[in-house]
Amino acid sequence: MDAINKETELVYYKKLVLATLDYHEKTGFIKGEYLDQLKAQTEEHFTKSRLSKLKQWFKDLSEVFIEQLDFGFNDFLQEETGYDVNVFEAYFTRVDKIIARGKITTDNQFYDLKNAADLAVQSNLFDIKKTEQLNKLLFDYENKKQSRTKKPI
C-alpha cells in the first residue's frame, strides 16, 4: 500500500472511530472520562499510523449497534463523516461468506453467525433456508468445540 492510500485510510477510520465514539456517548453506552481517553487514544493511533488498530477499534465499537440492528447508527455515521458507509452491509457480507463456505473456523465467525441467527428469530430478516443453514453451522461448530475440550476419563 502506498503512503497516500494509507493516509487516506487512516483519516477515514479515524473519522469513523470518533463518530462511533460520539454515538456511544449519544446513546449512553460510553461517556465521561473514559470516552475522552478513548478519543485521545484514537488520535494517538492516527498520529502513529496504526491503521490496523483503528480498523479493529471501529469494528469492536460498532458491533453493539450492528447486533442491535440500530440503523440510526449507520445514518449517524453518514451524517457525521460524510462517508457513504454501510456497516450492516459488511456484517451481512461476512455472514454470507461463512454460510457459503459451509464452515465456521473462528470464534469471531461463530459470534457473527450467532447474532445473525438471533436476528433471524426476532425478525423475518432471512428466509427459512438461510436460517436453517445458520443453525446447522452453529450446531456443528459448538459440537466440534465441545469434542475438543472433553478429556477422556
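Higher on the page you've got the structure.
Residues numbered from 1 in each chain as written. Predicted model: local features only at pLDDT ≥ 70, side-chain atom pairs only at ≥ 80, totals over all residues. Heavy atoms only, no water.

**What about the layout of surface pockets?**
Test applied: In this analysis the probe radius is 1.4 Å and the grid spacing 1 Å, with only protein atoms considered; a cavity is a set of points the probe fits into but cannot get out of, a pocket is an open set with protein on both sides within 12 Å along at least five of seven lines, and lining residues have an atom within 4 Å of a point. Grid points are joined across faces, edges and corners, and a volume is the space filled by probe spheres set on the points. For the purposes of this entry, the term helix denotes a DSSP run of H or I that reaches at least four residues, the term strand denotes a run of E that reaches at least two, and both are numbered from the N terminus. Residue classes follow a fixed rule: Ala, Val, Leu, Ile, Met, Phe, Trp, Tyr, Cys and Pro count as nonpolar, while Asp, Glu, Lys and Arg count as charged, and any other residue, Gly among them, counts as polar.
Volume-wise, the largest pocket comes out at about 340 Å³. If you list the elements that add at least two residues to the lining of the largest pocket, you get α1 (3–27), α3 (51–67) and α5 (87–101). Of the residues forming the lining of the largest pocket, the biggest block, eight residues, is contributed by α3. Taken together, the residues of the lining of the largest pocket sort by class into nine nonpolar, four polar and five charged.

**Remarks on helix α6 (residues 107–122)**
For the record, the criterion: What a helix is expected to span follows from its residue count: subtract one and scale by 1.5 Å. Type-normalised accessible area, obtained with a 1.4 Å probe on protein chains alone, sets the label of each residue: buried when under 20%, exposed when over 50%, and partly exposed for intermediate values.
Between its first and last C-alpha, α6 extends 22 Å over 16 residues, near the 22 Å set by a 1.5 Å rise per residue. Buried residues of α6: Gln109, Phe110, Asp112, Leu113, Asn115, Ala116, Ala117, Leu119 and Ala120, and no others.

**Remarks on the packing of aromatic side chains**
Any two aromatic rings considered together are summarised by their centre-to-centre distance and by the angle between their planes. The condition that has to hold: Aromatic pairs are defined between Phe, Tyr and Trp rings, using the six-membered ring for Trp, whenever the two ring centres lie within 6.5 Å; interplanar angles under 30 degrees are classed as stacked, those over 60 as edge-to-face, and all others as tilted. Counted as over-ring charges are cases with an Arg CZ or a Lys NZ within 6 Å of the ring centre that also lie within 35 degrees of the ring normal.
Scanning all chains against the criterion turns up twelve aromatic pairs. Here the aromatic residues Tyr23, Phe29, Phe65, Phe73 and Phe76 are joined through ring pairs into a cluster of three or more. The ring of Phe46 carries Lys14 above its face, with NZ or CZ at 4.5 Å from the centroid.

**Regarding the pattern of salt bridges**
A side chain with one charge can pair with a side chain of the opposite charge if their charged atoms come near. Stated precisely, the cut-off is as follows: When a carboxyl oxygen of Asp or Glu lies within 4 Å of a side-chain nitrogen of Lys or Arg, that pair is called a salt bridge.
Taken as a whole and judged by the stated rule, the model has ten salt bridges. One salt bridge in this structure joins Asp22 and Lys39, with 2.6 Å as the shortest N-O distance. With Asp22 in helix α1 and Lys39 in helix α2 (residues 32–47), this residue pair connects regions lying 17 residues apart in the sequence. Note that Asp112 and Arg94 form a salt bridge whose closest N and O atoms lie 2.8 Å from each other. Taken as a pair, Asp112 in helix α6 and Arg94 in helix α5 lie far apart in primary sequence, 18 residues in all. Under the relative-accessibility criterion, Arg94 is labelled partly exposed at 28%. Here the salt bridges do not stand alone but share partners, grouping Glu44, Lys48 and Arg50 into one network.

**Observations regarding the packing of α2 against α3**
Selection rule: Each axis is a line fitted through C-alpha atoms, taken for helices only over the stretch in contact, and angles between the N-to-C directions span 0 to 180 degrees. The crossing is said to be left-handed when, going from far helix to near helix, the turn is anticlockwise and less than a right angle, and right-handed when the turn is clockwise. For this analysis, residues touch if any pair of their heavy atoms sits within 4.5 Å.
Where α2 contacts α3, the two axes come as close as 8 Å, and the packing angle between them is 145°. The handedness of the crossing between α2 and α3 comes out as left-handed. Together, Leu38, Gln41, Thr42, His45 and Phe46 of α2 and Lys53, Leu54 and Trp57 of α3 make up the contact between the two elements. Here the residues of the contact of α2 with α3 are counted per class, giving four nonpolar, three polar and one charged.

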